[in-house]
Amino acid sequence: MKLYRFLSADDTSAFCHKVSEALSKGWDLYGDPTYAYDEANGVMRCGQAVTKEVDGTYSPDLKLGEQ
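On a predicted model such as this, the values are computed, not experimentally measured, just so you know. (Residues numbered from 1 in each chain as written. Predicted model: local features only at pLDDT ≥ 70, side-chain atom pairs only at ≥ 80, totals over all residues. Heavy atoms only, no water.)

What to know about the packing of aromatic side chains
Here is step 1 of the chain: Under the defined criterion, the tally for this structure stands at one aromatic pair.
Here is step 2 of the chain: Consider the rings of Tyr 4 and Tyr 30, whose centres lie 6.2 Å apart with planes at 85°: the pair is edge-to-face. Residue Tyr 4 is located in strand β1 (residues 2–10), and its partner Tyr 30 is located in strand β2 (residues 28–38); the two are separated by 26 residues in the primary sequence.
Here is step 3 of the chain: According to the relative accessible area criterion, Tyr 4 is partly exposed, its value standing at 47%.
Here is step 4 of the chain: Geometry around Trp 27 places Arg 5 over its ring, the cationic atom sitting 5.0 Å from the centre. (Phe/Tyr/Trp six-rings, centres within 6.5 Å; stacked < 30°, edge-to-face > 60°. Helix = DSSP H or I, 4+ residues; strand = E, 2+ residues; numbered from the N terminus. Buried < 20%, exposed > 50% of the residue type's maximum accessible area, 1.4 Å probe, protein only. Lys NZ or Arg CZ within 6 Å of the ring centre and 35° of its normal.)

Below, the structure is given as structure tokens:
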């Protein structure tokens, strides 16, 4: 089955580390990254979708970050 996650965070190195960690765990980049101003918090935010093929059956109880 293919899993999908959307990673997001403020525009800091922490976001890059979040994506790098996912890649190191076998996740693949999906699409282009996004970049938008979060007016409510006054910061720029980044986002990146990632996917991963895993064995098993999908369940909404899956902890995607642990896959």
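So, the pattern of salt bridges
Here is step 1 of the chain: All chains considered together, the criterion is met by two salt bridges.
Here is step 2 of the chain: For Asp 10, the salt bridge goes to Arg 45, with nearest N and O atoms at 3.0 Å. With Asp 10 in strand β1 and Arg 45 in strand β3 (residues 43–53), this residue pair connects regions lying 35 residues apart in the sequence.
Here is step 3 of the chain: Asp 10 gets classed as partly exposed once you look at its relative accessible area, which sits at 33%.
Here is step 4 of the chain: Note on Arg 45: relative accessible area 28%, which makes it partly exposed.
Here is step 5 of the chain: Residue Lys 25 pairs with Glu 21 through a salt bridge whose shortest N-O separation is 3.3 Å.
Here is step 6 of the chain: You can call Glu 21 partly exposed: its relative accessible area is 44%. (Salt bridge = Lys/Arg side-chain N within 4 Å of Asp/Glu carboxyl O.)

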